[in-house]
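Take a look at the letters that make up each chain.
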Amino acid sequence: MSDESVLIEFDNVQKVYPNGTVGLKDINLKIHEGEFVAVVGLSGAGKSTLLRTINRMHDITGGDLKIDGASITGYKGKELRNLRRSVGMIFQDFNLVNRSSVRRNVLSGRVGYYSTWKSSLGLFSAEDKQRAVDALKRVNMLEKLYTRVDELSGGQQQRVAIARALMQEPKIMLADEPIASLDPLTTTAVMDDLLGLNQELGITVLANLHSVSLAMKYADRIIGLRGGQLVYDKPIAEVSADDFDGIYSEQAEIKGGAVNG
Amino acid sequence: MTENVKKQNFWARYSWIMWAVIVLAFYVWSINGLQFSGLQESAAEVSKSIMHGLFHPEWSYFYDGSGEDLFSLIFQTLAIAFLGTFVSAILSIPFAFWAARAPRENKFHLRSTSGKFILVFIRTFPELVLAIMFIKAVGPGSFAGVLAVSIHSIGMLGKLFSEALENMDRGSEEAIQSAGGSKADMWVLATMPTIMPEFLSYTLYRFEIAVRSASILGMVGAGGIGTPLLFAIQTRNWSRVGIILLGIIVMVTAIDFISGTIRKKLV
Amino acid sequence: MDKQQLPQRPFAQKYHVKGIGGALVFLALLWGSSVMTGVNWGEFFTNLDQFFDLLSRMAHPAWEYTNIVIQPILETIQMALIGTTIGTVIAIPFSILAARNLIKNSVVRGVIRFILNLVRTLPDLLLAALFVAVVGIGATAGVWTLAVFSFGMISKLFYETIETIDERPLEALRAAGANNTQVVIFAVVPQVLNSFVSYFLYTFEINVRASTVLGYLGAGGIGVYLQRSLSSFRYDQTAVIVLAILVVVIVIDAVSNNLRERLQ
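- The name given to chain B in an unreviewed UniProt entry is Phosphonate ABC transporter, permease protein PhnE, with Ligilactobacillus pabuli as the source organism.
- Regarding chain B, the UniProt comment filed under Sequence similarities (unreviewed entry) reads as follows: "Belongs to the binding-protein-dependent transport system permease family."

- Named according to an unreviewed UniProt entry, chain A is Phosphonates import ATP-binding protein PhnC originating from Ligilactobacillus pabuli.

As for the UniProt feature "transmembrane region" (unreviewed entry) in chain B
All names here are of chain B.
Working step 1: Mapped onto the present numbering, the UniProt feature "transmembrane region" (unreviewed entry) falls at residues 12-29, 73-97, 209-232 and 238-258.
Working step 2: The span residues 73-97 is 100% helix and 0% strand, and its two end C-alpha atoms sit 36 Å from each other.
Working step 3: Segment residues 238-258 splits into 100% helix and 0% strand. End C-alpha atoms: 30 Å apart.

Digging into the sheet that holds strand S7 (residues 172-175) of chain A
Residues and elements named next belong to chain A.
Working step 1: Reading across the sheet, the six strands line up as S6-S7-S8-S3-S9-S10 and stay open at both edges, with mixed pairing between neighbours. Of all the strands in the sheet, just strand S6 (87-90) and strand S10 (229-235) have a single pairing partner and so form its edges. Each adjacent strand pair in this sheet contributes to an overall mean axis angle of 15°, direction not counted.
Working step 2: For S6 and S7, the ladder comprises four bridges, and the chain directions are parallel.

Observations concerning the pattern of salt bridges
Working step 1: Following the criterion strictly, the structure yields 29 salt bridges over all chains and no others.
Working step 2: Between glutamate 166 of chain B and lysine 116 of chain B there is a salt bridge whose closest N-O contact spans 2.9 Å. Note that glutamate 166 of chain B is positioned in helix H6 (residues 142-167) and lysine 116 of chain B in helix H4 (residues 110-124), a separation of 50 residues in sequence.
Working step 3: Residue classification places lysine 116 of chain B among the partly exposed residues on the basis of a relative accessible area of 31%.
Working step 4: Shared partners join several salt bridges into a network, and the residues in it are Arg110, Glu127, Asp128, Arg131 and Glu169 of chain A.

What to know about the domain arrangement of chain B
Working step 1: What the domain assignment lists for chain B is domain 1 (1-34) and domain 2 (51-266).
Working step 2: Computed over C-alpha atoms, the centres of domain 1 of chain B and domain 2 of chain B are 42 Å apart.

Quick notes on the interface of chain C and chain B
Working step 1: Residue-level contacts link 62 residues of chain C with 61 residues of chain B.
Working step 2: When the two sides are added together, the surface that chain C and chain B hide from each other amounts to roughly 5,400 Å², 79% of it contributed by carbon and sulfur.
Working step 3: Taken together, chain C and chain B are joined by zero salt bridges.
Working step 4: At the boundary of chain C and chain B, one finds seven residue pairs in polar contact (both at pLDDT 80 or more).
Working step 5: The leading source of residues in the side of chain C that touches chain B is helix H12 (residues 235-263) of chain C, at ten residues.
Working step 6: For the side of chain C that touches chain B, a count of residues per class yields 43 nonpolar, 13 polar and six charged.

Points about the packing of H4 of chain B against H12 of chain C
Working step 1: Contact geometry for H4 of chain B and H12 of chain C: axes closest at 10 Å, N-to-C directions at 115°. In terms of orientation, H4 of chain B and H12 of chain C fall into the roughly perpendicular class. H4 of chain B and H12 of chain C meet at a crossing whose hand is right-handed. Here H4 of chain B contributes Phe117, Val120, Phe121 and Thr124 of chain B to the contact with H12 of chain C, which in turn contributes Leu243, Ile245, Leu246, Val249 and Ile250 of chain C.

Here we look at the sheet that holds strand S5 (residues 70-71) of chain A
All names here are of chain A.
Working step 1: Strands sit in the order S2-S1-S4-S5 across an open sheet of four strands; the sheet is antiparallel. Since the sheet does not close on itself, it has two edges, and those belong to strand S2 (22-32) and S5, each with one partner.
Working step 2: Where strand S4 (residues 62-67) meets S5, two bridges bridge the pair, whose relative direction is antiparallel. Each bridged residue has a counterpart across the sheet, and for isoleucine 67 the counterpart in S5 is alanine 70.
Working step 3: Packing of helix H1 (residues 47-54) onto the sheet brings it into contact with strand S1 (6-16), S2 and S4, and relative to S1 it is tilted by some 120°.

Examining the confidence of the model for chain B
Working step 1: Taken over all residues, the pLDDT of chain B has a mean of 88, while the share at 70 or more is 94%.
Working step 2: Per-element confidence in chain B ranges from a low mean pLDDT of 79 for helix H1 (residues 2-33) of chain B to a high of 94 for helix H3 (residues 70-99) of chain B.

Some remarks on the interface of chain C and chain A
Working step 1: The interface is formed by eight residues belonging to chain C together with ten residues belonging to chain A.
Working step 2: Interface of chain C and chain A: buried area, both sides summed, is about 750 Å²; carbon and sulfur atoms make up 60% of it.
Working step 3: If you look at where chain C meets chain A, you find zero salt bridges.
Working step 4: In terms of residue class, the side of chain C that touches chain A is made up of three nonpolar, three polar and two charged.

Thoughts on the nonpolar core
Working step 1: Core analysis: the biggest nonpolar cluster contains 108 residues, and Met219 of chain B together with Leu126 of chain C have the highest contact counts within it.
Working step 2: Looking at this core, the element that brings in the most residues is helix H7 (residues 124-135) of chain C, giving eleven residues.
Working step 3: Setting aside chain neighbours within four positions, we find methionine 219 of chain B in contact with Gly226, Thr227, Leu229 and Leu230 of chain B together with Leu125, Leu126, Ala129 and Leu217 of chain C.
Working step 4: Judged by nonpolar contacts, the second largest core, of 53 residues, contains Ala38, Leu145, Val160 and Ala165 of chain A.

The rules behind each value
Residues numbered from 1 in each chain as written. Chains lettered and ligands numbered in written order. Predicted model: local features only at pLDDT ≥ 70, side-chain atom pairs only at ≥ 80, totals over all residues. Heavy atoms only, no water. UniProt positions renumbered as here; feature names shortened; annotations may be inferred. Helix = DSSP H or I, 4+ residues; strand = E, 2+ residues; numbered from the N terminus. Pairing = 2+ DSSP bridges. Axes fitted to C-alpha atoms, helices over the stretch in contact; angles between N-to-C directions. Salt bridge = Lys/Arg side-chain N within 4 Å of Asp/Glu carboxyl O. Buried < 20%, exposed > 50% of the residue type's maximum accessible area, 1.4 Å probe, protein only. Domains from an automatic or database assignment. Contact = heavy atoms within 4.5 Å. Buried area = accessible area lost by both parts, 1.4 Å probe. Polar contact = N/O pair within 3.5 Å; in protein donor to acceptor, adjacent residues only side chain to side chain. Nonpolar A, V, L, I, M, F, W, Y, C, P; charged D, E, K, R; others polar. Parallel < 35°, antiparallel > 145°, perpendicular 65-115°, else oblique. Left-handed = near helix turned anticlockwise from the far one by under 90°. pLDDT = per-residue confidence, 0-100. Core = buried A, V, L, I, M, F, W, Y, C linked by side-chain atoms within 4.5 Å.

Right under this line is the structure:
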């Protein structure tokens, strides 16, 4: 792929937490537009940190991070909020407001486009209300529009969360362990939804996954992290199942010297 | 090594003796310290009159249209508790944010520790003294009672609110932030809807307590049913004491039931 | 896209019936309460200077009064300890009789719980006023007040604890032919002892707080001096008493919290 299509570029990115823990170390990585990237690794390997540096929920402590060729590390205030608006995110625990209706939760994904007083009073435009309906329809949750979130199952909640993220009209979708709290059946539905966004809407997807088999089923490209370092990066065609012993074993050796970043 | 083990065993085996001695000493000190006046000779007689009064309440006092009857004063007591709790709930919110510790902060934190101390101080300051202080400011009557309940309840509500803030699920805040929301968006769209039911439930619980205290604040002149109750006790009008006690019991039971039912629905 | 596909929104939700109705009821209550209590914020703010005058006098505590306060404040602690103990001793049989898993007879349970609920509705100062009338002015009235007050509270905490115990040891003992008393001693007591002691300490804390004002009505302890200083307008002395109460409550809370944590 040509360099023109590079959407996210990690340039020697470092992340050290205030208490001294190393979150990310020497990350060099290029994500292309329209890719579906699965990030695999043990818990604590830095997967969540990696995702959260992209929408600046975590700040990096060294190196540079570019989106569409522009460095985002210095963004503040309005610029930062516009960046976050263009990056959707879904979470392991869905992070919905349990006591509000599905509709209100989905509309809240649109906050980035409104002034605070308008969004607080619920003054969303008719256009955005329609947008919410369309987003819910896409994830097959329209019939729950007026239901309270705490009456939904986990899988349904995650799909509402996807609809909320869609409201941002994002270019990039970050999915932080989207299926870790779900049962196998709803897992497929949620992953299919993510794949749909990627293939039909052309949204670039980065998903942290625990399961290698799911990663191999859905992703175009798999990257592996261990101890905050990039230890694996291959397009799906070159991936073979036993590559992952290195990522998931406690030994430091990396199989096959797979890093090409 | 073996000696060490033996020592620990010794301590584990006989430490209860030390505790027993401490507890016993504490009790001996307390019993000797108190001057038990012994029962007055009239005690049996008074108890009998109270019992008689309780079973023969003065029904005519229930309602006589004067505004000084049981019915009116019970509602005045409820009004004191309601208004006091409401004002207190609003005042408690800033105190809660003052005292709450942010997720990754140390155990000692100047802001939150000082806030917690203020709340302990308010909680400990006797409500009765507050009532008397407010009587100086606004004169005797139920308004002084409202003010006393308002201020005193901050101690407990502020503590409960701040703990609710410390323990709340921050996930929805993170989601709003990652969608490009400002701090104010986070507060209105995520924090408030998440925390409000809990705040309401605690406020109702505090209301139950306020009803009890509003019924005695009248003993120092801060309005409600307490004033005629103390007067009836001092004049030994036991049948009137009886009807007032019945009134308080019914009121407290009813409020506990209603408030409990709403609280179950909230959470 | 056409509206037909949208789910029906219930009438109540569409017009926010719950929210608007609740708000109206709430505003009506608020208005009614304000009228009934004669709330007058204007008066409050115009007389605020008097309140601050009082506060400023309290801000200069009469430290020499401390010596006089020590004895009655110790008496307060003694009252709380003895009162809580008497209340607990009476509460134990009642809580056993009120526990669903021990007493299968619902009539007995119902009657006992009814008595306990009645006792719990009575505020502490009201009890104090009654006991002063019965046994006369002094610490004895305070002790009885706290005994009755803690009886109501502890019985409830205790029977709720008993109801959460593990039933299997009870069954095993019954199967081995134990009578009810034996079941309580060998299967219930070991399971609940720690929480009982913990609740006893918790009630003791609350009673120390409560006992500081009982004397206001003549029921002994520091409250007697509180009343004396307030009625003679010696707010500097009141300040010393309030500070003394604060210190005692904090110390007792800290000690009791520490002990309770160890028990867990």
